[in-house]
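Reading the structure
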Amino acid sequence: MPESSEPAWTSAATTFRSGGVACAATVYRPRPAPAPAPVVVMGHGFGGIRALRLPAYAERFAAAGYVVVTFDYRGFGDSAGEPRQVLDIPMQHQDWTAALDFARSLDGVDPDRVVAWGTSFGGGHVLTLAGKGAALAAVIAQVPHVSGPAAVRATGLRAAARLAPYAMRDLVRSVRGGTPVYIQSAGLPGEAAAMTTPDAVPGLERLSADSGLVRGEHREDVAARIALRIGTYSPRRWASSIGCPVLVQIAEHDAITPSAVARAAAARIPRSTIRTYDCGHFDPYVEPHFETVVADQLAFLAEHVPVPAVG
């Protein structure tokens, strides 16, 4: 008999509430579905949206038997929330907590086997939440932001100085209830953008292309006030308090999250698994590195949060 052409997973768009605002999400389910199944909750990095390569991971996890929830932060992507593109760290932590609670409430999910998967800035978020005591079975932190001072040093003082006038104007407008002042998430070296390493613009272009997205049709800017907060946001301070197993994936040539700092932070996590890759910050999402990166994630999940047998 011919093999079925149906995928090993299904997906459906939905929403959950965070701070009274509707956050857009996609729920992926394996076919056939084990019950109860562990669930992986996935959030993106700095200004990222769930459509930007997260489906590539989610489909692999669902095919392996996991329920998966990807979501957009308030004010980003398909989520509601005004003003748009305001990257507020405490608010994104609240969105994460709401997403985890939503995942636990899904039919057919084991509420005690929830995995938080975060990348880049989102990788810092999941480390912070785990360190503060979030009930998690495991954490996957891909090229995570771990140190504010290290990120500022890696970006460069000149780059930070270029952002300061925009950030201050945006902060003043926010106090007065005005519309935000925006900066691009990624720009060329010498431009006033949040990330101006040589690989930033090509990296986002590749992520968009491989996601089937057209650059310009989705926003890639953020309210400039975040430039005043990055230097003080250091998830590594919570590393030694994380009780669950953690996979930390480090890019050896990361110009945004320096590998030495990430490795030192990972070493402080009591139950950490550290994997390193010969690539830059934007490379784990795409080939030729994606296959190795996601295989390591699947192996980690199989070891620490295995899927129950179907039937």
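Everything in this summary refers to the structure shown in the same document. Only a predicted model underlies this, so the values are computations on that prediction, with no experimental measurement involved. (Residues numbered from 1 in each chain as written. Predicted model: local features only at pLDDT ≥ 70, side-chain atom pairs only at ≥ 80, totals over all residues. Heavy atoms only, no water.)

Turning our eyes to something else, we now look at the packing of aromatic side chains. For the structure on display, the rule yields nine aromatic pairs. Between Phe 16 and Phe 71, the ring centres sit 5.9 Å apart and the planes meet at 70 degrees, which makes this aromatic pair edge-to-face. Of this pair, Phe 16 sits in strand β1 (residues 9–18) while Phe 71 sits in strand β4 (residues 67–71); the two residues are 55 residues apart in sequence, bridging distant segments of the chain. Grouping residues by exposure puts Phe 16 and Phe 71 together as buried. (Phe/Tyr/Trp six-rings, centres within 6.5 Å; stacked < 30°, edge-to-face > 60°. Helix = DSSP H or I, 4+ residues; strand = E, 2+ residues; numbered from the N terminus. Buried < 20%, exposed > 50% of the residue type's maximum accessible area, 1.4 Å probe, protein only.)

Bringing helix α6 (residues 200–210) into the picture now. Within α6, burial applies to Ala 200, Val 201, Gly 203, Leu 204, Leu 207 and Ser 208. For α6, the buried positions fall inside an angular range of 160 degrees around the axis, keeping them on one side. Residues of α6 that are buried in the fold lie against β7 (182–186) and β8 (193–195). Of the residues flanking the end of α6, it is Gly 212, one or two places downstream, whose phi is positive at about 75 degrees. (Arc of directions from axis to C-beta. Contact = heavy atoms within 4.5 Å.)

The next subject is unusual backbone geometry. A cis geometry characterises the amide bond from Arg 31 onward to Pro 32, with omega recorded as 0 degrees. The linkage connecting Glu 82 with the following residue, Pro 83, adopts the cis geometry, with an omega of -5 degrees. Within the secondary structure, Pro 83 is located in the loop between β4 and α2 (89–105). Even without a glycine there, the phi angle at Gln 85 is positive, about 60 degrees. Structurally, Gln 85 is set in the loop between β4 and α2.

We now examine the packing of helix α1 (residues 54–63) against helix α8 (residues 290–304). Helix-helix packing is described using two parameters, namely the angle between the two axes and the distance between the axes. Relative to each other, α1 and α8 sit at 40 degrees, their axes nearing to 11 Å. Between α1 and α8, the angle is such that the two are oblique. Considering the relative orientation of α1 and α8, their crossing is right-handed. Across the interface between the two elements, Ala 56, Tyr 57, Arg 60 and Phe 61 from α1 touch Phe 290, Glu 291, Val 294, Gln 297, Leu 298 and Leu 301 from α8. Residues that form the contact of α1 with α8 fall into these classes: seven nonpolar, one polar and two charged. (Axes fitted to C-alpha atoms, helices over the stretch in contact; angles between N-to-C directions. Parallel < 35°, antiparallel > 145°, perpendicular 65-115°, else oblique. Left-handed = near helix turned anticlockwise from the far one by under 90°. Nonpolar A, V, L, I, M, F, W, Y, C, P; charged D, E, K, R; others polar.)

To continue, consider the sheet that holds strand β6 (residues 138–142). Pairing is mixed in the open sheet, where eight strands are placed in the order β1-β2-β4-β3-β5-β6-β10-β11. In this open sheet, the two strands that pair with only one neighbour each are β1 and β11 (272–277). Geometrically, the sheet is characterised by an average inter-axis angle of 20 degrees between neighbouring strands, direction not taken into account. Two strands pair when backbone bridges link them, and β6 and strand β10 (residues 246–251) are joined in this way by four bridges, in the parallel orientation. Paired with Gln 142 across the bridge in β10 is Gln 249. With respect to the sheet, helix α3 (residues 121–131) is in contact with β5 (109–119), β6 and β10, its orientation differing from that of β5 by roughly 135 degrees. (Pairing = 2+ DSSP bridges.)

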